Number of protein chains: 2
Amino acid sequence: MNVVQPTLLLDEEKCKKNILKMVNKAQESKSVLRPHFKTHQSAEVGEWFKEAGIEKCAVSSLGMAEYFAHAGWKDITVAFPLNVLEKEKVNRLAKTITLNLCIESTETARILSDFVQHQLNVFVEVDAGYNRSGISSEDYEEIAGIIDIIQQNKLLHFTGFLQHAGHTYQAKGKSEIDEIHAFTSDKMRSLKNHFQKKYPEIIVSNGDTPTCSVSENFEGVDEMRPGNFIFYDVMQAEIGSCSYEEIAVALACPVVAKYPERNEIVVYGGAVHFSKDRIENESGTSMYGLVAQKSAYGWGNPTPGLYMKKLSQEHGTIHATDEFIRQTKIGDILYILPIHSCLTANLMGKYFTLEGRELGMYRFGF
Amino acid sequence: MNVVQPTLLLDEEKCKKNILKMVNKAQESKSVLRPHFKTHQSAEVGEWFKEAGIEKCAVSSLGMAEYFAHAGWKDITVAFPLNVLEKEKVNRLAKTITLNLCIESTETARILSDFVQHQLNVFVEVDAGYNRSGISSEDYEEIAGIIDIIQQNKLLHFTGFLQHAGHTYQAKGKSEIDEIHAFTSDKMRSLKNHFQKKYPEIIVSNGDTPTCSVSENFEGVDEMRPGNFIFYDVMQAEIGSCSYEEIAVALACPVVAKYPERNEIVVYGGAVHFSKDRIENESGTSMYGLVAQKSAYGWGNPTPGLYMKKLSQEHGTIHATDEFIRQTKIGDILYILPIHSCLTANLMGKYFTLEGRELGMYRFGF
């Protein structure tokens, strides 16, 4: 693989190990794994899930659902509050695949009921503490109102409750993740118990990479929807969801300038390649990426003392040790572990495996 | 223009006004305008500059230079430290257009000198205080060393000094911008004076949107390279580079959920559409965008009390007033002014004018 410009490398072996681990985790937890494909957005990577026996997936937009339907996926959940303006996509998809949508208000339910032309499944999206989207998981009255509208239309089938505990991204270590997971799972179980009397077939769909990676008790969670685990990233390693060795993507960036006097290296690789998610270290310094040590075949742990300290459109500024700068030449390639692999992958638009094979991606702009 | 998903709208009239204003500013300042095209990245938008008499441009990568060379631009500066790995692109470009590169070390100068096959111009990139890339503008000895290597190769022509005062992005108001501009211009004048004895034809190329928008004294600045001014954005309005009315792009986003109990609206429009640049308001709250008031034809000032408070991959969470939420329906379109239009445009990959005409963009991933 001859890298001459910022290039997103993918370690296929690590990806497949991450997939297998999650497949086993779901089996042990007696939960169905419906991986979220918004992280990789790639039909080719999707095939690796099929090889591991996975038949259902989640996506974050109707456009992405069309891309994966085209790639042969027959059961897709759009894990995002329904955008009622895309009714044509909804009807096109519902005609050909098992389409599962998320509704979280009577207003949206009524609009969907008005335009739907083919059978589809509806989750009521609930909020069990993250406060992003979804109706409060305790507002049984309003939830019943939404279900009523769904039930009144024979094309709509009420499937259950979907929730995303994104606040685990603020956690640090297993015990904090477990605490959030226990709290949200408890709410989801109560909710299911309440409505199961009337709708015995309903399921609970939960999904976030930290919980699915480290928690053990998935009682009452019928379906798991993690996405990021396929690649992981610095944020997940810092949360405690993975080890650094499990991070399966790195952005290969050429060195274009060195400033030993201020312990900095500038690489060709900026906000248009990484996006601008960041984490803060213990002393409050923002970090936009870590520089991985090269291994015989790919990369391993982060290099001690090195981190991406600043990003502008195409420049990445790396804080580096004297020794590292002395050893580094203009034109060297650094392997940089992204803070948030989903956003980096989305920007790069394609992957290259370590063997140099190109893997394509969904592109909403095209 | 029927918007059904996040769509980047471009107000052509505002763009053309912004272009004309900067063209006039450069003429009054007796400086050559070489607009930076990394903001719009669009051949069609480039034509509007040609119509205003502009014949030279700057870009941020060799790939982007190839895109604009293909679109008919004959004099292009790659305003980024040369990536020596892309030698094939350099030679291809230098064969067909007037290519101007930036070098900031003897190491890079030697590598370029070794592989160059066609005539090209070389700027020495200097750092006059921003501390991102470029050799210190006061290190005359090292600069002379770089120039020597350039001069020894008959294919390389030493053109002058290029500088970017990106620290104006941290400024607030005209006086702070003017102060940085005076400081950096002074350094550039001294530098030019020093080397002009030996190289009488050299020029100084400066460029940043705040300075070029508000400062008046461009004595000694032979060339201006602003980029963002074509669109402007919330960051520039907050710095004082423009008025809110001059912001020429807005991301149209569908409303997908409403939470009156916590004064929030969720739109379909997240980090994969806006990127994650943010500004902090006076009370330390992070803002990822502002919601513009709709006008008869496009948009105007921000709506008081509304701002984008949170972004995840596809969700945008807007803080909104009770009254605004009451008036807003699911499926309504909000026009959101980006914090940093360069990154938003890069993610969206294309524009639609208010008349619904699609404008394409350079895509490095393809």
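Procedures and definitions
Residues numbered from 1 in each chain as written. Chains lettered and ligands numbered in written order. Predicted model: local features only at pLDDT ≥ 70, side-chain atom pairs only at ≥ 80, totals over all residues. Heavy atoms only, no water. Core = buried A, V, L, I, M, F, W, Y, C linked by side-chain atoms within 4.5 Å. Buried < 20%, exposed > 50% of the residue type's maximum accessible area, 1.4 Å probe, protein only. Contact = heavy atoms within 4.5 Å. UniProt positions renumbered as here; feature names shortened; annotations may be inferred. Helix = DSSP H or I, 4+ residues; strand = E, 2+ residues; numbered from the N terminus. Axes fitted to C-alpha atoms, helices over the stretch in contact; angles between N-to-C directions. Parallel < 35°, antiparallel > 145°, perpendicular 65-115°, else oblique. Left-handed = near helix turned anticlockwise from the far one by under 90°. Nonpolar A, V, L, I, M, F, W, Y, C, P; charged D, E, K, R; others polar. Disulfide = S-S within 2.5 Å. Domains from an automatic or database assignment. Buried area = accessible area lost by both parts, 1.4 Å probe. Salt bridge = Lys/Arg side-chain N within 4 Å of Asp/Glu carboxyl O. Polar contact = N/O pair within 3.5 Å; in protein donor to acceptor, adjacent residues only side chain to side chain. Least-squares fit on C-alpha atoms with pLDDT ≥ 70 in both. Right-handed = clockwise from strand over helix to strand, strands pointing away. Patch = residues over 30% accessible without salt bridge, like charges linked within 9 Å, V, L, I, M, F, W, Y side chains within 5 Å. Areas by Shrake-Rupley, 256 points an atom, 1.4 Å probe, with all protein chains shown as cover. Lys, Arg positive; Asp, Glu negative; His and termini not counted. Charge placed at Lys NZ, Arg CZ, Asp CG, Glu CD. Pairing = 2+ DSSP bridges.

Our next topic: the nonpolar core. Within the largest apolar cluster, 256 residues are counted, with the highest numbers of intra-cluster contacts made by Leu112(A), Phe161(A), Leu112(B) and Phe161(B). With near-sequence residues (within four places) excluded, Phe161(A) lies in contact with Phe123(A), Val124(A), Val126(A), Ile143(A), Ile147(A), Met188(A), Leu191(A), Phe195(A), Ile202(A), Ile203(A), Val204(A) and Ser205(A).

What follows concerns the UniProt feature "domain: D-serine dehydratase-like" (unreviewed entry) in chain A. Using the residue numbers shown here, the UniProt feature "domain: D-serine dehydratase-like" (unreviewed entry) corresponds to residues 248–355 of chain A. Note that residues 248–355 of chain A is 17% helix and 47% strand, and that its end C-alpha atoms are spaced 14 Å apart.

We now examine the packing of helix H3 (residues 62–70) of chain A against helix H4 (residues 87–96) of chain A. Residue and element names in this part refer to chain A. H4 packs onto H3 with a crossing angle of 30 degrees between their chain directions and a minimal axis gap of 10 Å. In terms of orientation, H3 lies roughly parallel with respect to H4. By crossing handedness, the relation of H3 to H4 is classed as left-handed. Contacts between H3 and H4 involve Leu62, Gly63, Ala65, Glu66 and Ala69 from the first element and Lys89, Val90, Arg92 and Leu93 from the second. Across the contact of H3 with H4, the residue classes break down as five nonpolar, one polar and three charged.

Right, let's get into the packing of helix H1 (residues 12–28) of chain A against helix H2 (residues 43–51) of chain A. All names here are of chain A. Packing of H1 against H2 leaves a shortest axis separation of 10 Å and a crossing angle of 45 degrees. When the interaxial angle is binned, H1 and H2 end up oblique. In terms of crossing hand, the pair formed by H1 and H2 is right-handed. On the side of H1, the interface is formed by Glu12, Cys15, Lys16 and Ile19, while H2 contributes Trp48, Phe49 and Glu51. Here the contact of H1 with H2 is built from residues that sort into four nonpolar, no polar and three charged.

Right, let's get into the state of the cysteines. Inspection of the entire model under this criterion finds zero disulfides over all chains. Considering cysteine sulfurs only, Cys242(A) is the nearest to Cys342(A), which forms no disulfide, with 12 Å between them. With no disulfide of its own, Cys212(B) lies closest to Cys342(B) among cysteine sulfurs, the gap being 14 Å.

The next thing to look at is the domain arrangement of chain A. All names here are of chain A. You can read the domains of chain A as domain 1 (36–226) and domain 2 (244–357). Summarising the inter-unit geometry, the C-alpha centres of domain 1 and domain 2 are found 34 Å apart. Taken residue by residue, the interface counts six residues in domain 1 and six residues in domain 2. Both sides together, the interface formed by domain 1 and domain 2 hides about 460 Å², and carbon and sulfur atoms give 50% of it. On the domain 1 side of the interface with domain 2, the three residues burying the most area are Thr39, Gln41 and Trp48, jointly 61% of the side's total. Counting the contacts that link domain 1 with domain 2 gives zero salt bridges. Split into classes, the residues belonging to the side of domain 1 that touches domain 2 amount to one nonpolar, four polar and one charged.

Glancing now at the interface of chain A and chain B. Contacts between the two partners involve 63 residues from chain A, matched on the other side by 63 residues from chain B. Carbon and sulfur atoms make up 53% of the surface buried where chain A meets chain B, a total of about 5,300 Å² over both sides. Broken down residue by residue, the surface that chain A buries against chain B is led by Arg132(A), Gln313(A) and Phe364(A), which jointly contribute 13%. For Asp127(B), the salt bridge goes to Arg262(A), with nearest N and O atoms at 3.6 Å. At the junction of chain A with chain B, the criterion picks out 30 residue pairs in polar contact (both at pLDDT 80 or more). Of all the elements in the fold, those that place two or more residues in the side of chain A that touches chain B are strand S4 (75–81), helix H5 (106–115), strand S11 (249–259), strand S12 (264–268), helix H10 (271–274), strand S18 (315–319) and helix H12 (341–348) of chain A. Of the residues in the side of chain A that touches chain B, the class split is 26 nonpolar, 19 polar and 18 charged.

Moving on to the side chain of Arg363(B). The topology assignment puts Arg363(B) in the segment after strand S21 (358–359). Within the local environment of Arg363(B), its side chain forms a polar contact with the backbone oxygen of Asn346(B), the two atoms lying 2.2 Å apart.

Okay, the relation of the copies chain A and chain B next. Once chain A has been moved 0.0 Å along the axis and rotated by 180 degrees, it coincides with chain B to within an RMSD of 0.0 Å. Interpreted geometrically, this transformation is the action of a two-fold axis. Minimal C-alpha separation from the rotation axis in chain A is found for Lys276(A), amounting to 2.7 Å. A symmetric contact is evident, with 100% of the interface residues of chain A recurring at the interface of chain B.

Below, the discussion takes up the environment of Ala182(B). Residues and elements named next belong to chain B. Tracing the chain through its elements places Ala182 in helix H7 (residues 174–196). Judged by its relative accessible area of 44%, Ala182 falls in the partly exposed class. Remark: the alpha-carbon pair of Ala182 and Arg262, spanning 80 residues in sequence, is separated by 47 Å.

This brings us to the pairing of strand S5 (residues 98–103) of chain B. Residues and elements named next belong to chain B. The buried fraction of S5 is high, at five of six residues. Following the chain from strand S4 (residues 75–81) across helix H4 (residues 87–96) to the adjacent parallel S5, one finds a crossover that is right-handed. Assessed by its sense of winding, the connection that carries the chain from S5 through helix H5 (residues 106–115) to strand S6 (residues 120–127) is right-handed.

Moving on, we come to the pattern of salt bridges. With the rule as written, the count across this model stands at 40 salt bridges over all chains. Two residues, Lys350(B) and Glu358(B), come together in a salt bridge whose shortest N-O distance is 3.8 Å. According to the relative accessible area criterion, Glu358(B) is partly exposed, its value standing at 44%. Taken together, the shared-partner salt bridges connect Asp127(A), Arg262(B), Glu264(B) and Lys309(B) into one network.

With that settled, the discussion passes to a negative patch on the surface. A cluster of acidic residues, Asp139(A), Glu141(A), Glu142(A) and Glu261(B), forms a negative patch on the protein surface. With respect to the helices and strands, Asp139(A) occurs in the loop between strand S7 (135–136) and helix H6 (140–152).

To continue, consider the pairing of strand S12 (residues 264–268) of chain B. Residues and elements named next belong to chain B. The buried count for S12 comes to five of five residues, which makes it a mostly enclosed element. Of the pairings in the sheet, the one linking strand S11 (residues 249–259) to S12 comprises four bridges and is antiparallel in character. Paired with Val255 across the strands is Val267, a residue of S12. In this structure, the hairpin formed by S11 and S12 is closed by a connection of four residues, where Asn263 is found at a positive phi of approximately 55 degrees. Where S12 lies against strand S18 (residues 315–319), five bridges are found, and the strand directions are antiparallel. Note on S18: the bridge partner recorded for Val267 is Gly316.

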